[in-house]
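# Fold and contact review
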Amino acid sequence: MTIKNVAIIVAAGRGHRLGGEIPKQYLDVGGMPILRRSVNVFLENPTIDHIQVIIHPDDLELYNSAVGDLDLPPPVHGGETRQQSVLKGLEAISDLMAEYVYIHDAARPFLKQSTLNKLISEVEEHGAAIPALSVTDTIKYMAADSIQNTIDRSFLYRAQTPQAFRYKAIYMAHRRHENNDLTDDSAIAEQSGLKVRIIPGREDNFKITTEDDLKKAHIMTQSSYTDVRIGYGLDVHAFEAGDHVILGGVKIPHGKKLKGHSDADVAMHAITDALLGAMALGDIGEHFPPSDKKWKDASSDIFLKHAVKLIDDADGVIANIDLTIICEEPKIGPHRDKIRDKLSEIIDLDMGRISVKATTTEKLGFTGNGEGIMAQAVATIRLPE
Ligand code: MG
């Protein structure tokens, strides 16, 4: 196997501030050690070929109990500082001749696959990229005992991990700046003149540092998500002359197309309404009025992503989606898993939580007469109490 993408997970910090004896990356959150959660994100991503964890030499026992049963190479011992630890990790994987490396803090267990996937494509295109968040608070510059001035925040970003680079370039940069004390790998890349791009980070990809962070992490794990909501959505679109339909984001060749202001993805509209319904946040037409020219021919994933964002904003999680597509033609069965896969990517939800079913109406009614397609969706959402 050629090794193209390697993740380095930095778990060598002492971080005794939380939980007394145990370094924070080994603490349990929602029944699982933080390190294991972080490792799992990379294990679950098919593009990542190899995962190297870097630990403190004293933590081997903690490491083994956290992730010892997973299919990982032996951990590498870190150094005195984070920077030294990363360098040791980069050295340890040098035989793999990796093309790209993704350096991640073990204490950020809530990395989403969508962020990682965005990073993977960005680094392939531009060579170096990190997730970062814009700054929303007004930033003050203090001198002595009073504010000197207010900083223009439009240029400021909060850096997160994983940070992705071409392996050779970041390895060389680390060696060159071995004795500088820099706080992230992007700073080392910047010092070496590499151009580092930013992709949108996420608030939930925070680093667990303080007692408050740990509390937040506990709330974010599903055991505390006890406010369960069910939403329902229904949509219908009529056929018109054309050669394909789009269902759940998948283009399906057909003798007709669906008529609509947007791309008429009846399946995605039903799901969007089910999600909005569960949140009691109105319906798709309210959020995206058909009277607005902006949505003409729009790809419906915009609508769905908007609904998902509203759930995210409320710290909610989607438990499952059950979609039924009702039509005589086209046959949905052959496209079912492709639709599930596409929805899984758009929603950032495991395929095992997305059901796509299809039925006919035995040639009865408008769907039976081939005049159009109906879709119905049910979604379950869990919110923190
Ligand atoms: Mg519609």
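Residues numbered from 1 in each chain as written. Predicted model: local features only at pLDDT ≥ 70, side-chain atom pairs only at ≥ 80, totals over all residues. Heavy atoms only, no water.

Along the backbone of the protein chain there are 12 helices and 19 strands. Taken along the three principal axes of its C-alpha coordinates, the protein chain extends 75 × 55 × 40 Å. Every one of the 385 residues in the protein chain was classed for burial, and the buried ones make up 48%. When contacts within the protein chain are restricted to residue pairs at least 6 apart in sequence, long-range pairs at least 24 apart make up 70% of them. For the protein chain, the exposed surface amounts to about 19,000 Å²; the carbon and sulfur share of it is 51%. In the protein chain, 43 side chains carry a positive charge and 56 a negative one; their mean positions are 3 Å apart. (Helix = DSSP H or I, 4+ residues; strand = E, 2+ residues; numbered from the N terminus. Buried < 20%, exposed > 50% of the residue type's maximum accessible area, 1.4 Å probe, protein only. Contact = heavy atoms within 4.5 Å. Areas by Shrake-Rupley, 256 points an atom, 1.4 Å probe, with all protein chains shown as cover. Lys, Arg positive; Asp, Glu negative; His and termini not counted. Charge placed at Lys NZ, Arg CZ, Asp CG, Glu CD.)

Moving on: the coordination of the magnesium ion. Each angle at a metal carrying four tetrahedral donors should ideally be 109.5 degrees, and each at a metal carrying six octahedral donors should ideally be 90 or 180 degrees. Protein-derived ligands of the magnesium ion are Asp235 (OD), His237 (NE2) and His269 (ND1), with the metal-ligand distances lying across 2.2 Å. Motif for the magnesium ion, donor spacing along one chain: D-x1-H-x31-H. Of the two residues, Asp235 sits in strand 13 (residues 227-241) while His269 sits in helix 8 (residues 266-278), which places them 34 residues apart along the sequence. The pair formed by Asp235 and His269 is uniform in burial state, with each residue classed as buried. (Donors = N, O, S within 2.8 Å, 3.2 Å for Na, K, Ca; no water.)

What the rule picks out here adds up to 18 salt bridges. Across the pair Arg202 and Asp204 runs a salt bridge, and its minimum N-O distance is 2.8 Å. For Asp204, a relative accessible area of 16% corresponds to the buried category. Arg229 is paired through a salt bridge with Asp227; the nearest N and O atoms lie 3.1 Å apart. (Salt bridge = Lys/Arg side-chain N within 4 Å of Asp/Glu carboxyl O.)

Judged by pairing direction, the sheet is mixed, and its 5 strands sit side by side in the order 16-13-19-17-18 without closing on themselves. Whereas interior strands pair on both sides, the edge strands pair on one side only; in this sheet they are strand 16 (256-258) and strand 18 (354-359). On average, adjacent strands in this sheet sit at an angle of 20° to one another, irrespective of strand direction. Contacting strand 13, strand 16, strand 17 (317-326) and strand 19 (372-383), helix 8 crosses the sheet at an angle of about 155° to strand 13. (Pairing = 2+ DSSP bridges. Axes fitted to C-alpha atoms, helices over the stretch in contact; angles between N-to-C directions.)

Here we come to the pairing of strand 15 (residues 250-253). Taking every second residue as pointing to the same face, the buried face of strand 15 carries Val250 and Ile252, while none of Lys251 and Pro253 on the other face is buried. As paired strands, strand 14 (residues 244-247) and strand 15 are joined by 4 bridges and run antiparallel to one another. The partner of Ile246 across the bridge, within strand 15, is Lys251. Between strand 14 and strand 15, which pair antiparallel and follow one another directly, the connecting turn spans 2 residues, one of which, Gly248, has a positive phi of 60°.

A separate point is the pairing of strand 11 (residues 163-166). Consecutive side chains of a regular strand alternate in pointing toward one face of the sheet and then the other. Direction of pairing for strand 6 (residues 100-105) relative to strand 11: antiparallel, over a ladder of 4 bridges. Residue pairing across strands places Tyr102 opposite Ala164, the latter belonging to strand 11. Bridge count for strand 7 (residues 128-134) against strand 11 is 2 bridges, and the pairing is antiparallel. Looking across to strand 11, one finds that Ala128 is bridged to Phe165.

Before going further, it helps to examine the packing of aromatic side chains. Summed over all chains, the structure comprises 5 aromatic pairs. With a centroid separation of 4.8 Å and 85° between ring planes, the pair formed by Phe288 and Trp295 is classed as edge-to-face. Residue classification places Phe288 among the buried residues on the basis of a relative accessible area of 10%. For Trp295, a relative accessible area of 13% corresponds to the buried category. Seen in terms of ring centroids, Phe288 and Phe303 are 4.6 Å apart; in terms of plane orientation they differ by 45°. Their pairing is tilted. Of this pair, Phe288 sits in the loop between helix 9 (284-287) and helix 10 (301-313) while Phe303 sits in helix 10, and the two are 15 residues apart along the sequence. Just as Phe288 is buried, Phe303 falls in that class too. Of note, Arg175 hangs over the ring of Tyr171, and the distance from its end group to the ring centre comes to 5.4 Å. Its end group placed over the ring of Phe206, Lys216 keeps NZ or CZ at 4.1 Å from the ring centre. (Phe/Tyr/Trp six-rings, centres within 6.5 Å; stacked < 30°, edge-to-face > 60°. Lys NZ or Arg CZ within 6 Å of the ring centre and 35° of its normal.)

Pairs of packed helices are described in terms of their axes, by the angle between the two and the distance that separates them. For the pair helix 10 and helix 11 (residues 336-347), the least separation of the axes is 9 Å and the interaxial angle reads 50°. It follows that helix 10 is oblique to helix 11 by the angle criterion. Residues Asp301, Leu304, Lys305 and Val308 of helix 10 form the contact with helix 11, whose participating residues are Leu343, Ile346 and Ile347. Class assignment of the residues belonging to the contact of helix 10 with helix 11 gives a composition of 5 nonpolar, no polar and 2 charged. (Parallel < 35°, antiparallel > 145°, perpendicular 65-115°, else oblique. Nonpolar A, V, L, I, M, F, W, Y, C, P; charged D, E, K, R; others polar.)

In terms of domains, the protein chain is made up of domain 1 (5-221) and domain 2 (227-383). Domain 1 and domain 2 are separated by 36 Å when their C-alpha centres are compared. (Domains from an automatic or database assignment.)

Grouped together as the largest cluster of nonpolar side chains are 40 residues, with contacts concentrated most on Leu247, Leu275, Leu304, Ile318, Ile325, Ile339 and Leu343. Mapped by element, the contributors of at least two residues to this core are strand 14, strand 15, helix 8, helix 10, strand 17, helix 11, strand 18 and strand 19. Looking at this core, the element that brings in the most residues is helix 8, giving 9 residues. Among residues more than four places away in sequence, those in contact with Leu343 are Gly248, Met268, Ile271, Leu304, Asp348, Ile354 and Val356. (Core = buried A, V, L, I, M, F, W, Y, C linked by side-chain atoms within 4.5 Å.)

Further remarks concern helix 10. Relative to the 18 Å expected for 13 residues at 1.5 Å per residue, helix 10 spans 18 Å between its end C-alpha atoms, a close match to the ideal helical length. Where helix 10 is concerned, the buried positions are Asp301, Phe303, Leu304, Ala307, Val308 and Ile311. One face of helix 10 carries all of its buried residues, which in axial projection span an arc of 165°. Looking at the buried positions of helix 10, the neighbouring elements they touch are helix 8, helix 9, strand 17, helix 11 and strand 19. Downstream of helix 10 by a residue or two, Asp315 has a phi angle that is positive, lying close to 60°. (Expected span 1.5 Å × (residues − 1). Arc of directions from axis to C-beta.)

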